[in-house]
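Now for the letters of each chain:
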Amino acid sequence: MSHVRYIDKTRAYYAGLGYAKPYQWAEFAEVPFAPLTKPLRQARIALVSTSDVAVRGEAEGEEPHGFMVGKVYSIPADTAVERLFTRQEHYDTHATHLDDVNSYFPISRLHELAADGVIGGVAARAHGVYTNYSHRRTLAADGPEVVKRCREDGVDAVVLTPV
Amino acid sequence: MRVLEAAGLPTVVIGNARDIVETCGVARFVFLDSPLGNPCGEPFNASEQRWVVRSAVELLASARGPRTTLALPYRWAKGEAWKEKIFSKEQPFLEGEAEQRWLESKEKYKELKAKGAL
């Protein structure tokens, strides 16, 4: 079976729920491209989530609204994976679950690739950005903040994953 | 993605909503045909996840230009019935408290936007 057409499906679904204005997905004519300038086995890779990943024991008490309108956050890459979880609820709850962080935030897998010598290393921090329903904010504020933090950590390339 | 690439940082997106990512347009995209929530593979299937993530980092080096998609040969182990049901009237995407939280988040967002806080 071919892949799901989410744009068509969600437009029809939310129109059926009575929403008059369809969500405008991002669409760009020009796409920037930066080549990797060193061999992969020497490259330091950062993991960036475009959703919510939190650390158990540190995230309590935060209101759930935080993850719609939150700012860029960082997590030490050596945080024990058992302490990581997500408060994200927008996924296919009927087909799967989010009990394994590495199925959407593959930090252990990156550490393994570094240990095997496939990549040079994993950056000291992983980062997260929220969609915020705002393309403008992602481009003008959150994107530059992630670049700044990656530069501080000497990052050569970035793996981006949504939940 | 755009801001990082424009600043000289190569990126690769691992995702499972192919039409959304390709409509947006990204530099490098590894597509896994799995349900929303598990773009890097089945939960607790470390060898599958390693294959996906290794494919992604290798694409960092091998892609020659923007909009490079690598569609991995893949089938969700529990079958493909989920594709028919997602976002259908028979199966609400969000229910109960999760739906309430989503609606509250949207209101909060509107308030903040009206105040110029975003």
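Residues numbered from 1 in each chain as written. Chains lettered and ligands numbered in written order. Predicted model: local features only at pLDDT ≥ 70, side-chain atom pairs only at ≥ 80, totals over all residues. Heavy atoms only, no water.

## A word on the overall build of chain B
Inference 1: For chain B, the count of helices and strands is 5 helices and 3 strands.
Inference 2: Ordering the α and β elements of chain B from the N terminus gives α-β-α-β-α-β-α-α.
Inference 3: A compact globule built from 118 residues should have a C-alpha radius of gyration of about 13 Å, whereas chain B, at 18 Å, is more than 25% larger.
Inference 4: Along the first, second and third principal axes, the C-alpha set of chain B runs to 45 × 40 × 25 Å.
Inference 5: Scored against the burial criterion, the 118 residues of chain B give a buried share of 56%.
Inference 6: Here the analysis covers contacts within chain B between residues at least 6 apart in sequence; of these, 49% occur between residues at least 24 apart. (Helix = DSSP H or I, 4+ residues; strand = E, 2+ residues; numbered from the N terminus. Rg over C-alpha atoms; globule rule 2.2 N^0.38 Å. Buried < 20%, exposed > 50% of the residue type's maximum accessible area, 1.4 Å probe, protein only. Contact = heavy atoms within 4.5 Å.)

## Things to note about the nonpolar core
Inference 1: Among the nonpolar cores identified, the biggest contains 57 residues, and Tyr6, Ile45, Leu84, Phe105, Leu110 and Ile119 of chain A together with Val57 of chain B are the most heavily contacted of them.
Inference 2: Breaking this core down by element, the ones donating at least two residues are α1 (6-16), β1 (44-49), β3 (73-76), α3 (107-115) and β7 (157-161) of chain A together with β1 (11-15), α3 (46-62) and α5 (96-114) of chain B.
Inference 3: For this core, the element with the highest residue contribution is α3 of chain B, accounting for 6 residues.
Inference 4: Both domains that meet at this core, namely domain 1 (2-86) and domain 2 (87-118) of chain B, each give it at least three residues.
Inference 5: With residues up to four places along the chain from it excluded, the contact list for Val57 of chain B reads Leu40, Leu110, Leu113, Val118, Ile119 and Val159 of chain A. (Core = buried A, V, L, I, M, F, W, Y, C linked by side-chain atoms within 4.5 Å. Domains from an automatic or database assignment.)

## What to know about the state of the cysteines
Inference 1: The full count for this structure, using the stated rule, is 0 disulfides over all chains.
Inference 2: For Cys150 of chain A, which is in no disulfide, the shortest distance to another cysteine sulfur is to Cys40 of chain B and amounts to 17 Å. (Disulfide = S-S within 2.5 Å.)

## Describing the domain arrangement of chain B
Frequently, the measure chosen for interface size is the accessible area removed from exposure when the parts meet.
Residue and element names in this part refer to chain B.
Inference 1: Assigned domains within chain B: domain 1 (2-86) and domain 2 (87-118).
Inference 2: Distance between the C-alpha centres of domain 1 and domain 2: 26 Å.
Inference 3: Across the domain 1/domain 2 interface, buried area totals approximately 360 Å², and carbon plus sulfur atoms make up 59% of it.
Inference 4: Along the contact surface separating domain 1 from domain 2 lie 0 salt bridges.
Inference 5: Taken together, the residues that form the side of domain 1 that touches domain 2 break down as 2 nonpolar, no polar and 2 charged. (Buried area = accessible area lost by both parts, 1.4 Å probe. Salt bridge = Lys/Arg side-chain N within 4 Å of Asp/Glu carboxyl O. Nonpolar A, V, L, I, M, F, W, Y, C, P; charged D, E, K, R; others polar.)

## A word on the interface of chain A and chain B
Inference 1: Facing 75 residues of chain A, the contacting portion of chain B comprises 76 residues.
Inference 2: Both sides of the chain A and chain B interface together cover about 7000 Å² of buried area, and 66% of this is carbon and sulfur.
Inference 3: Applying the counting criterion to the chain A and chain B interface returns 1 salt bridge.
Inference 4: The shortest N-O distance in the salt bridge between Arg50 of chain B and Glu112 of chain A comes to 2.4 Å.
Inference 5: The tally of links from chain A across to chain B stands at 29 residue pairs in polar contact (both at pLDDT 80 or more).
Inference 6: When residues of the side of chain A that touches chain B are traced back to their parent elements, those giving at least two are α1, α2 (66-69), α3, α4 (135-152) and β7 of chain A.
Inference 7: When residues in the side of chain A that touches chain B are grouped by element, the largest group, 10 residues, is from α4 of chain A.
Inference 8: Residues belonging to the side of chain A that touches chain B are distributed by class as follows: 44 nonpolar, 16 polar and 15 charged.
Inference 9: Of the strand pairs in this sheet, β7 of chain A and β1 of chain B are connected by 3 bridges, and their pairing is parallel. Its bridge partner lying in β1 of chain B, Leu160 of chain A is registered against Val13 of chain B. (Polar contact = N/O pair within 3.5 Å; in protein donor to acceptor, adjacent residues only side chain to side chain. Pairing = 2+ DSSP bridges.)

## Concerning α5 of chain B
Residue and element names in this part refer to chain B.
Inference 1: In this model, α5 (19 residues) spans 28 Å end to end at C-alpha, consistent with the 27 Å of a helix rising 1.5 Å per residue.
Inference 2: The set of residues buried in α5 consists of Ala98, Trp102, Ser105, Lys106, Tyr109 and Leu112. Each buried residue of α5 sits inside an arc of 130 degrees when the element is viewed along its axis, so together they form one side. Among the exposed residues of α5, those oriented more than 90 degrees off its buried face are Glu97, Lys110 and Ala114. (Expected span 1.5 Å × (residues − 1). Arc of directions from axis to C-beta.)

## Some words on the pairing of strand β2 (residues 28-31) of chain B
Residue and element names in this part refer to chain B.
Inference 1: Judged by which residues are buried, β2 turns out to be covered on both faces: Arg28 and Val30 on one side and Phe29 and Phe31 on the other are all buried.
Inference 2: Direction of pairing for β1 relative to β2: parallel, over a ladder of 3 bridges. Bridging across to β2, Gly15 finds its partner in Phe31.
Inference 3: Strand direction decides the pairing type here: β2 and strand β3 (residues 68-71), joined by 4 bridges, are parallel. Each bridged residue has a counterpart across the sheet, and for Arg28 the counterpart in β3 is Thr68.
Inference 4: The β-α-β motif built from β2, the intervening α3 and the parallel element β3 has left-handed crossover chirality. (Right-handed = clockwise from strand over helix to strand, strands pointing away.)

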